[in-house]
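# Observations on chain architecture
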Amino acid sequence: MSTTLPCTLMRAGTSRGPFFLREWLPADDEARDQALIGAIGASDPLQLDGVGGGSSLNSKVAIVSRSQEPGCDLDYLFAQVGVGQRSVDLRPNCGNMLSGVLPFAIEQGLIEAADGSTTAVVFNVNTRSRIEVTVRTPGRRITYEGSTRIDGVAGTAAPIHLNFLDAWGAVTGSLFPTGRRIDLIDGVPVSCIDAAMPLMILRAEALGVAGTESPAELDANRALLERLETLRLQAGRMMGLGDVSTSVVPKPVLVSAGENADSITSRYFTPRRCHASHAVTGAIGVASAFALPGTVASGEGLRAGTRALVVLHPAGRIEVEVEIEGSGDAAQIRRAALVRTARKIFQGELHIPDYVFSKPRAAADAGQAAQATAMAAPSAPDAGADTAAEAPFPKRPITIVVPTSAGGGNDAMARTIASKLSARLGLAVIVDNRAGANGSIASEFVARALPDGHTLMLGYIGTHGINPALQKLRYDPVADFEPVGLVGYSPTLMVAQPEIPVRDVAELVAQLEAGPGRYSYASAGDGTAPHFAAELFKLHAGVKMHGVAHKGSAPALADTMAGRTQIMFPSLYTAYPLVKSGRLRALGVAGPKRLARLLEVPTLAEAGVDGVDVTQWYAIFAPAKTPGDIVRQLNRALNEVLADPETGRRMEDHGAEVQTGTPEQLGALVASELVKWKGVVRQARLAAE
């Protein structure tokens, strides 16, 4: 028996893979991923039993649908399928496969073609970024024929223009996630940049190579590859991506001189092998680093305006048109565009054997029984009712949705919990960052997810306390969720950019009284704890500061460290490592008592500003109507993970206090927090901006 799926196989840019409409694939995410593994033939390194090509460049999948995003026409979900392993990675984007999205959508009737050329805005679901795509459509029909040549592909084809509109900081929330354009890692100058793809860029000569070697030569240099990976792991932590040992980002890039003032030579790694040509998203990142001053890749004499830059790679070149605005440290990339081509190879039916959708029956039954036994093991007294009737759980990988961007305290906490849960359950626990709308995007997504325990959320004071008290939302923090368990608490800290002339709270208040609006504060978004703490400080200190809202704490902290904003109220969990390293200065504690780790820092009340008490909390939630036995099993597993000494140490190292509890206790906390913060909103006359 086999499953038959409609499919179009396309060469898109310098990649190749099957294209599917979303409705052609199974609705269940696990079954969808298994279908993709079967389609590519991922289990075999040669991929003989699928349409893959035995390389990461030919193990790619594009999933297309009409977009639900405002101002966008199409949604594009990219999947990198494993080579020799059963895996599907939805974290990266692929600009090459992107070039086939609009032609495929036109042929499938999702977009009506115009006469001559057709333009559509594609929303990349992986990175939540927009790309404007233009294709040739003479007579209102897509054409693949033309005279455009791209290096790495034989022959010519019709040009496909890709205009990246907001790729800068799409993954980490900041173009330069570390707050600097050059960092020194183990004595090597590197530039960490997030432009379409998080990259770690190094000068080739810094690692003793020319940077013009072939991919085979670089792949044979084992010492070089090991050195790159060591640096990449450190860069990942500095960029706020956490432990990237099992992730493909950030990608390492070696750069060297180009042919002229408008070109740069690049060797792009994927990340443990040198790319045969170059990724499109990687070319955007390299061109951005080349166009901006102060990076290890910066060109000379680049001016504001639109420039045609060239990224030289092993198979030839990629031309990238960038629009530069401003100069010096204020220079920014407004957009970046390039040309690709695509070709439809075949369209028809793809036959996938049924065995790819599940383990052999005996093994599956044994695995589920083992999981059920482990989940039902004796635990804390609050674990719940008799477990004998509990159904085997979990049946597939669990996803923890995080309502903030990668690199912030919420993300770090979720990844700590996920890694321990994964080891305990014996299957993957995935962290899915869905930043935006002050946590509402993630909250709405989880509230509407299948209530079977396989989709969870790391909620916190902002999503289930402050933001719902501040404004009317499209989710109810009580009715739309099942509380699973509390994770911990973290006090709020008032921090300042170290270079501003402010030593303590009294000096800050005096300067703001003398010059209202002299300083601005960063928040993780309206309705978040940093926003409320700052507004309460303004109210009770009688001062004025302009607020700058960000999509999460990571970009807010990056702006504060860089001096674009000067004050912030992050959680101690988020801020403590940065205070300890001297990248932020702690001014006060927005809570009732001093902190054991920062005894020299007074409370705001001690510093003369009463009424600012914002203790942040974090918890795990499931969608409403998740069965009670599954909630109890999750609660037990969570509490056991939190009781692990290593988990406690990791959280305490950042300044968070682990706190376990029952689902009922978490539900009572949410109800009391809503009452509390609604009162604060009335008292402070706060409103969402």
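Residues numbered from 1 in each chain as written. Predicted model: local features only at pLDDT ≥ 70, side-chain atom pairs only at ≥ 80, totals over all residues. Heavy atoms only, no water.

## A closer look at the overall build of the protein
A count of helices and strands for the protein gives 17 helices and 28 strands. Here the C-alpha atoms of the protein give a radius of gyration of 26 Å, agreeing with the 26 Å that 2.2 N^0.38 yields for 689 residues. By its C-alpha atoms, the protein is 75 × 70 × 55 Å across when sized along the principal axes. Counting all 689 residues of the protein, 57% fall into the buried class. In the protein, of all internal contacts separated by at least 6 residues, the share reaching a separation of at least 24 is 69%. (Helix = DSSP H or I, 4+ residues; strand = E, 2+ residues; numbered from the N terminus. Rg over C-alpha atoms; globule rule 2.2 N^0.38 Å. Buried < 20%, exposed > 50% of the residue type's maximum accessible area, 1.4 Å probe, protein only. Contact = heavy atoms within 4.5 Å.)

## Focus on the sheet that holds strand β23 (residues 520–523)
Read across the sheet, five strands follow the order β24-β23-β25-β22-β26 without closing on themselves; strand pairing throughout is mixed. For this open sheet the edge positions go to β24 (546–549) and β26 (585–589), each flanked by a neighbour on one side alone. Pairing of β23 with strand β25 (residues 567–568) involves two bridges; the strand directions are parallel. Along β25, the bridge assignment pairs A522 with M568. (Pairing = 2+ DSSP bridges.)

## Some words on the packing of aromatic side chains
Taken as a whole, this structure holds six aromatic pairs when the rule is applied. Between the aromatic rings of F19 and F104, the centroid separation amounts to 5.7 Å while the plane-to-plane angle is 50°, which identifies the pairing as tilted. Here F19 is found in strand β2 (residues 15–21), whereas its partner F104 is found in helix α3 (residues 101–107), with 85 residues between them in sequence. Just as F19 is buried, F104 falls in that class too. (Phe/Tyr/Trp six-rings, centres within 6.5 Å; stacked < 30°, edge-to-face > 60°.)

## Topic: the environment of V487
By secondary structure assignment, the location of V487 is in strand β21 (residues 481–491). Along the chain, V487 and M413 lie 74 residues apart, while their C-alpha atoms are 8.9 Å from each other. If near-sequence neighbours (up to four positions away) are discounted, V487 is found in contact with M413, I417, L458, Y618, A619, I620, L638, L642, M651, E657, V658 and Q659.

## A short note on the pattern of salt bridges
A complete count under the given rule lists 30 salt bridges for this structure. Salt-bridge contacts for R307 lead to D262; the nearest nitrogen and oxygen are separated by 2.8 Å. With R307 in strand β14 (residues 305–313) and D262 in the loop between β12 (251–257) and β13 (263–268), the pair connects residues that are 45 residues apart, well separated along the chain. Taking the relative accessible area as the measure of exposure, D262 reaches 27% and is therefore partly exposed. Here E640 and R424 are joined by a salt bridge, their closest N and O atoms 3.1 Å apart. Here E640, found in helix α15 (residues 628–643), pairs with R424, found in helix α8 (residues 409–425); they are 216 residues apart in sequence, far enough to count as distant. On the basis of relative accessibility, which here comes to 26%, the residue E640 falls in the partly exposed class. When its relative accessible area of 24% is taken as the criterion, R424 is described as partly exposed. A single network of salt bridges, built from pairs that share partners, joins R22, D29, R32 and D33. (Salt bridge = Lys/Arg side-chain N within 4 Å of Asp/Glu carboxyl O.)

## Topic: the pairing of β23
Every second residue of β23 is oriented toward a common face, with S520 and A522 on one face and Y521 and S523 on the other, all of them buried. In this sheet, β24 lies alongside β23 in parallel orientation, the contact comprising four bridges. Residue pairing in the sheet places Y521 in a bridge with G547 of β24. Crossover handedness for the path β23 to helix α12 (residues 529–541) to β24: right-handed. (Right-handed = clockwise from strand over helix to strand, strands pointing away.)

## Overview of the packing of α8 against α15
One can describe the packing of α8 onto α15 by two numbers: an axis separation of 10 Å at closest approach and a directional angle of 115°. Here α15 runs roughly perpendicular to α8, going by the angle between their axes. α8 and α15 meet at a crossing whose hand is right-handed. Between α8 and α15, the contacting residues are I417, K420, L421 and R424 on the first element and A637, L638, E640 and V641 on the second. Looking at the contact of α8 with α15 residue by residue, the class counts come to five nonpolar, no polar and three charged. (Axes fitted to C-alpha atoms, helices over the stretch in contact; angles between N-to-C directions. Parallel < 35°, antiparallel > 145°, perpendicular 65-115°, else oblique. Left-handed = near helix turned anticlockwise from the far one by under 90°. Nonpolar A, V, L, I, M, F, W, Y, C, P; charged D, E, K, R; others polar.)

## Observations regarding the confidence of the model for the protein
Mean pLDDT over the protein: 87, with 93% of residues reaching 70 or higher. Across residues 359–389, where pLDDT falls below 50, the model places 31 contacts with residues more than four positions away in sequence or in other chains. (pLDDT = per-residue confidence, 0-100.)

## A short note on helix α11 (residues 505–514)
Residues of α11 that are buried include every one of V505, E507, L508, V509, Q511 and L512, and no others. Tucked into the core, α11 has its buried residues touching β22 (493–496), α12, β25 and β26.

## Considerations on the environment of V609
Along the chain, V609 falls in the loop between β26 and β27 (615–623). Along the sequence, V609 and A643 sit 34 residues apart, while their C-alpha atoms lie 37 Å from each other.

## Description of the side chain of S490
Tracing the sequence through the fold places S490 in strand β21. For S490, a relative accessible area of 0% gives the class buried. Reaching out from S490, the side chain makes a polar contact with the backbone nitrogen of L572 at a distance of 3.3 Å. (Polar contact = N/O pair within 3.5 Å; in protein donor to acceptor, adjacent residues only side chain to side chain.)

## Brief notes about the sheet that holds strand β19 (residues 429–433)
Across the sheet, which stays open at both edges, the six strands sit in the order β19-β18-β20-β27-β21-β28 with mixed pairing between neighbours. Of all the strands in the sheet, just β19 and β28 (657–658) have a single pairing partner and so form its edges. Sheet topology places strand β18 (residues 398–402) next to strand β20 (residues 455–460); three bridges connect them, and they run parallel. What sits directly across from I400, in β20, is L456. Sitting on the sheet, helix α9 (residues 440–447) touches β18, β20, β21 and β27, and the angle it makes with β20 is about 145°.

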